[in-house]
Amino acid sequence: MVRPERLFLTAGASHGLDLISGCFAQPGDTVFVEAPTYFLALKILQGRNLRIVSVPTDSDGLDVVALEHLLEMEKPAFLYTIPVHHNPTSVTLSVVRRRKLIELAEKHKFFIIADEVYQLLNYNGYTPSRLAAFDDSRVISLGSFSKILAPGLRLAWIETEPKHFSVLGRCGVIKSGGGVNPFTSAIVESAITLGLQDSYLERVRKVYSQRCAHMIQVLDHVLPKVVGFTKPKGGFFVWLKLPQYIDSKELLAEAQILKIGFRPGSLFSQEEGFTNFLRICFAYYNEAESEWACKQLGRLFSSHLQ
Ligand SMILES: Cc1ncc(COP(=O)(O)O)c(C=O)c1O
């Protein structure tokens, strides 16, 4: 259950992250991010002149053991994490790791910025509650209508302990504007009250779930066996792993000729690692379009295998 006094409206989760970066850290401060992470979050943090340190992840999400080691050497202002249906890996952080992460945040006194924009886009099985539900003092959660209603609305929210809002309220852009996006908020409030948001969410969840299942089935058939990929339980993305000797960025020009696109793995970390990985999205295209594109992708990979 979300209590309204714990919510602060923003013009998108991106705007929420930017606001927090300006209010909860100073230029030059260290912040931790996962590697890989949402590539535009990196841009937002860089735009605030923060010093970014990467923490490794694995198939259970953020590696909390590696994080514990790093905390012996570094003191971050906050850690930015995507604990649910991660962009780009689609992994969800386990409950055990969520508890450990919160314990570490308490011990080392840093904030956890939990980007939970895919929390409600679950297609298959159990999803843990929002990180904010595990702790209400160290977690600042980002949600957004972008993924569940429409990105053009530029409407989203921060969920945290109300005492943190005084820090955000002192921020010039909030003081000067007196708040964010009240007109759109009123329209979306009506959509919620009338039950339209619920029925729309049910519909998109069904569509995305079908697209996701279909893409996984097609990829299983058309990709060379040496190419691995995650099987998402929610969110928008499939994360593919090519043999080490292939740099996905170098395939982009050929992909364009084949009229397909993807995001190369090197985009998703400050160190530009993950060169043999790439991210594709199943949410946007219908089944026929995505099947055609996956076949093209399979051909492209096959032509580069040694
Ligand atoms: C993890 C993550 N956070 C934030 C965003 C952007 O959200 P918004 O449109 O609310 O700014 C995206 C969009 O791709 C995303 O994947």
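Each chain has its residues counted from 1, following the order in which its sequence is written. pLDDT decides what is reported in this predicted model: residues at 70 or higher carry local features, side-chain atom pairs at 80 or more are listed and counted, and totals for whole chains, interfaces and linings draw on all residues regardless. Excluded from the side-chain calculations are hydrogens and water; all other atoms, namely the structure's heavy atoms, are used.

Undergrad: Lay out the sheet that holds strand β2 (residues 30-35) in plain terms, naming residues and giving numbers.
TA: Within a sheet, each strand pairs with its neighbour through backbone hydrogen bonds, oriented either parallel or antiparallel. Between any two strands, pairing holds if DSSP finds at least two bridges. Only DSSP runs of H or I covering at least 4 residues are called helices, and only runs of E covering at least 2 are called strands; the numbering of each starts at the N terminus. Strand order in the open sheet formed by eight strands is β1-β8-β7-β6-β5-β2-β3-β4, and the pairing between neighbours is mixed. Across the chains shown, the open sheet's two edge strands, defined by having one partner strand only, are β1 (7-10) and β4 (61-62). Here a residue-residue contact requires only that any non-hydrogen atoms of the pair lie within 4.5 Å. Each axis is a line fitted through C-alpha atoms, and for a helix only the stretch in contact is used; angles between axes span 0 to 180 degrees, taken between their N-to-C directions. Here helix α1 (residues 13-23) sits on the sheet in contact with β1, β5 (78-81), β6 (111-115), β7 (139-144) and β8 (156-159), set at roughly 155° to β7. Across the face of the sheet, helix α3 (residues 64-71) comes into contact with β2, β3 (51-58), β4 and β5 while running at roughly 150° to β3.

Undergrad: An account of the nonpolar core is needed here, citing residue identities and associated values.
TA: Formed by 67 residues in total, the largest nonpolar core has its most connected members in I20, F78, I113, L168, L240, I280 and F301. Examining the composition of this core, we find that eight residues originate from one element, helix α8 (residues 196-222), more than from any other. Each of domain 1 (4-193) and domain 2 (201-302) gives at least three residues to this core. L104, A105, A114 and V139 belong to the second largest nonpolar core, which has 20 residues in total. The set of buried Ala, Val, Leu, Ile, Met, Phe, Trp, Tyr and Cys residues whose side-chain atoms join them within 4.5 Å is what this entry labels a nonpolar core. Think of it in three bands: with a 1.4 Å probe and only protein chains considered, a residue is buried below 20% of the maximum accessible area for its type, exposed above 50%, and partly exposed in between. Those domain boundaries reflect an automatic or database domain assignment.

Undergrad: Which residues make up the site of the ligand, and what values do they have?
TA: Around the ligand there are 13 residues in total, and S14, D115, Y118, S144 and K147 lie nearest to it. Here an oxygen atom of the ligand and a backbone polar atom of A13 are 2.7 Å apart. The residue classification treats Ala, Val, Leu, Ile, Met, Phe, Trp, Tyr, Cys and Pro as nonpolar and Asp, Glu, Lys and Arg as charged. All others, Gly included, are polar. Looking at the shell around the ligand residue by residue, the class counts come to five nonpolar, five polar and three charged. We call a residue near a molecule or strand as soon as one heavy atom of that residue lies within 4 Å of the molecule or strand. Residues adjacent in sequence count toward polar contacts only when both atoms are side-chain atoms; beyond that, a polar contact is any pair of N or O atoms within 3.5 Å, and within protein one must be able to donate a hydrogen and the other to accept it.

Undergrad: Can you explain the environment of V222? Please cite residues and give values.
TA: Counting through the fold element by element, V222 comes out in helix α8. Along the backbone, V222 and E159 are 63 residues apart, and their C-alpha atoms lie at a distance of 42 Å. Not counting the four nearest positions on each side in its chain, V222 is found in contact with C294, K295 and G298.

Undergrad: Describe in detail the sheet that holds strand β11 (residues 263-264), supporting the description with residues and values.
TA: Reading across the sheet, the four strands line up as β9-β10-β12-β11 and stay open at both edges, with antiparallel pairing between neighbours. The open sheet has two edge strands, β9 (228-229) and β11, and neither has a second partner. For strand β10 (residues 237-241) and strand β12 (residues 277-281), the ladder comprises five bridges, and the chain directions are antiparallel. Each bridged residue has a counterpart across the sheet, and for V238 the counterpart in β12 is I280.

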